[in-house]
Amino acid sequence: GIYGFREAPTLMYKVSLFNPSHVLRAAAICSSGTLPGNFARLQPYESHIPFLAQVMVDYNLVGMGWVNLSGVKFRLPLPDITSGDIVY
C-alpha cells in the first residue's frame, strides 16, 4: 500500500525533539514495543527524513527562497560568526 495510508481516520501523535540527533533512537524505542500501557507499540512516520528537510516540509518552505522572520529570540551564548564554526 501507499506509505502511511489509512482508510479510516487514525489518531497520530507528533513528537518534536529538542535535539534532532535523537530522532532515530526515539523512533526505535517507539517501534520496539517497550513503551508501557496503550503506547506499547507505535509506528513512527517520517523519522527517516533529515531534520532540515522535515523543517521545510512542516513549515511549507520550498526551494531556495528567503525566509522572513520577525520577533526572533536568541539563546545565549551567540555563536562567533567570525570563527567559521556555525553549523546550518
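Now for a look at the structure at hand. Remember, predicted model here, so these are calculated numbers, not experimental data.

Thresholds, definitions, all that
Residues numbered from 1 in each chain as written. Predicted model: local features only at pLDDT ≥ 70, side-chain atom pairs only at ≥ 80, totals over all residues. Heavy atoms only, no water. Helix = DSSP H or I, 4+ residues; strand = E, 2+ residues; numbered from the N terminus. Contact = heavy atoms within 4.5 Å. Areas by Shrake-Rupley, 256 points an atom, 1.4 Å probe, with all protein chains shown as cover. Salt bridge = Lys/Arg side-chain N within 4 Å of Asp/Glu carboxyl O. Buried < 20%, exposed > 50% of the residue type's maximum accessible area, 1.4 Å probe, protein only. 1 Å grid on protein atoms, 1.4 Å probe; cavity = no way out; pocket = protein on both sides within 12 Å on 5 of 7 lines; lining within 4 Å. Points joined across faces, edges and corners; volume = space filled by probe spheres on them. Nonpolar A, V, L, I, M, F, W, Y, C, P; charged D, E, K, R; others polar.

Some words on the overall build of the protein chain
Stage number 1. For the protein chain, the helix and strand inventory stands at 2 helices and 0 strands.
Stage number 2. Within the protein chain, contacts between residues at least 6 apart in sequence are counted, and of these 38% link residues at least 24 apart.
Stage number 3. Carbon and sulfur atoms provide 63% of the accessible area of the protein chain, an area that totals close to 8600 Å².

Focus: the pattern of salt bridges
Stage number 1. What the rule picks out here adds up to 1 salt bridge.
Stage number 2. Salt-bridge contacts for Lys14 lead to Asp58; the nearest nitrogen and oxygen are separated by 3.0 Å. Of the two residues, Lys14 sits in the segment before α1 (23-32) while Asp58 sits in helix α2 (residues 51-58), which places them 44 residues apart along the sequence.
Stage number 3. Exposure remark for Lys14: the relative accessible area of 61% places this residue in the exposed category.

Details of the layout of surface pockets
Stage number 1. Size it by volume and the largest pocket reaches roughly 1100 Å³.
Stage number 2. Every residue lining the largest pocket is counted, 31 residues in all, and those nearest its centre are Tyr13, Lys14, Val15, Ser16 and Tyr45.
Stage number 3. Those elements that place two or more of their residues in the lining of the largest pocket are α1 and α2.
Stage number 4. Residue contributions to the lining of the largest pocket peak at 5 residues, all from α1.
Stage number 5. A per-class count over the lining of the largest pocket returns 20 nonpolar, 7 polar and 4 charged.

Honestly, it's all geometry; don't read function into it.
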